[in-house]
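Report on the structure
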Amino acid sequence: MAVSCLTLSEIGPEGLSLTVDDPAVWDIPLAEFRVACRVVRPLRAELFVVPQDNGCLLRGRITGEVALPCDRCAEETCVALDQAFDEFEAYPDPGAADAENCDERTLLENGNVLRLERGAPVLDVAAFLWEEFSLALPLKPLCSPQCRGVCPLCGKNLNEGPCGCRSGGSDPRLAALRNLKVS
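Quick summary incoming for the structure in this document. This is a predicted model, so every value here is computed, not measured. (Residues numbered from 1 in each chain as written. Predicted model: local features only at pLDDT ≥ 70, side-chain atom pairs only at ≥ 80, totals over all residues. Heavy atoms only, no water.)

To continue, consider the sheet that holds strand S7 (residues 120-124). Taken in spatial order, the three strands line up as S1-S7-S6 in an open sheet, and their pairing is antiparallel. The outermost strands of the open sheet, each flanked by one partner alone, are strand S1 (5-7) and strand S6 (114-117). Between one strand axis and the next, the sheet turns by 35° as a mean value, whatever way the strands run. Contacts between helix H3 (residues 125-136) and the sheet are confined to S1 and S7, with S7 contributing the most and set at about 45° to the helix. (Pairing = 2+ DSSP bridges. Helix = DSSP H or I, 4+ residues; strand = E, 2+ residues; numbered from the N terminus. Axes fitted to C-alpha atoms, helices over the stretch in contact; angles between N-to-C directions. Contact = heavy atoms within 4.5 Å.)

Under the criterion given, the structure shown has eight salt bridges. Of the charged contacts in the structure, one is a salt bridge between Lys140 and Asp71, with a shortest N-O distance of 3.2 Å. Taken together, the residues Lys140 in the segment after H3 and Asp71 in the loop between strand S4 (55-69) and strand S5 (76-90) connect sequence positions 69 residues apart. On the basis of relative accessibility, which here comes to 59%, the residue Lys140 falls in the exposed class. Taken together, the shared-partner salt bridges connect Arg115, Glu117 and Asp124 into one network. (Salt bridge = Lys/Arg side-chain N within 4 Å of Asp/Glu carboxyl O. Buried < 20%, exposed > 50% of the residue type's maximum accessible area, 1.4 Å probe, protein only.)

With that out of the way, let us pick up H3. Along its 12 residues, H3 runs 16 Å from first to last C-alpha, staying within 8% of the 16 Å computed at 1.5 Å per residue. Among the residues making up H3, those that are buried are Val125, Phe128, Leu129, Trp130, Glu132, Phe133 and Ala136. Structurally, the start of H3 carries an N-cap: the backbone nitrogen of Ala126 is 3.4 Å from a side-chain oxygen of Asp124. (Expected span 1.5 Å × (residues − 1). Polar contact = N/O pair within 3.5 Å; in protein donor to acceptor, adjacent residues only side chain to side chain.)

Before going further, it helps to examine a nonpolar patch on the surface. Among the surface-exposed residues, Leu174, Leu177, Leu180 and Val182 lie close enough to one another that they form a single nonpolar patch of about 450 Å² accessible area. Its location among the elements puts Leu177 in the segment after H3. (Patch = residues over 30% accessible without salt bridge, like charges linked within 9 Å, V, L, I, M, F, W, Y side chains within 5 Å. Areas by Shrake-Rupley, 256 points an atom, 1.4 Å probe, with all protein chains shown as cover.)

Within S7, five of the five residues are buried, leaving the element largely enclosed by the surrounding structure. Residues Ala120, Val122 and Asp124 of S7 are buried on one face, and the alternating residues Pro121 and Leu123, pointing to the opposite face, are buried as well. Where S1 and S7 come together, three bridges link them in antiparallel fashion. Note on S7: the bridge partner recorded for Leu6 is Leu123. As judged from the four bridges shared by S6 and S7, these two strands associate in the antiparallel manner. Across the sheet, Leu116 pairs through a bridge with Pro121, a residue of S7. Taken together, S6 and the strand that follows it, S7, pair antiparallel across an intervening segment of two residues, in which Arg118 is found at a positive phi of about 55°.

Here Thr77 shows up in strand S5. Leaving out residues up to four positions away in the same chain, Thr77 has contacts with Val66, Ala67, Leu68, Pro69, Cys70, Pro141, Leu142 and Cys143.

Scanning the entire structure with this criterion turns up four aromatic pairs. A ring pair is formed by Phe33 and Trp130, whose centres lie 5.9 Å apart and whose planes are at 20°; its orientation type is stacked. With Phe33 in the loop between helix H1 (24-32) and strand S3 (38-51) and Trp130 in helix H3, the pair connects residues that are 97 residues apart, well separated along the chain. Assessed through its relative accessible area of 51%, Phe33 is described here as exposed. Note on Trp130 and Phe133: the rings are 5.3 Å apart at their centroids and 35° apart in plane angle, and the pair reads as tilted. Of this pair, Trp130 and Phe133 both sit in helix H3, three residues apart, roughly one helical turn. Put simply, the rings of Trp26, Phe33, Trp130 and Phe133 touch in pairs and so form one group of aromatic residues. (Phe/Tyr/Trp six-rings, centres within 6.5 Å; stacked < 30°, edge-to-face > 60°.)

If you want it as structure tokens, here you go:
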């Protein structure tokens, strides 16, 4: 489903279920923020939105598979995503977003996925799902837990075998500390 914004006042108290599988929801921010990530298996979000008196409850799951560079050797590694989320977004303070001093772009730049438009609360679904996708990505993706990384001298991938560089000891900048004795 291609959806960008939902006016929450149009959603009944029973809530609204959405399935978001439009590639643009993910591809546009990936390109815009230059994230070194390639979608391998299509990303899909199941989202349930329940308006509340002071905000909205957002529950769901993001699934799919992406390829990211390994944090140690920089080889591409596939990461399966299956991330559940359960968030509450509070309505913005109407006084804080004065219509004369604050336009829609300023609100989005400040990270507001829930904003007021003409007095009605509006949820930016794509922005919310991008935040959840970003949180689902591993901080240090590894091709394997035993990844040996690259040689700090020549840059050879040490998973493919030794590089032949002499591991001549330590960093020369620490030479002054080599003879330090702690009693």
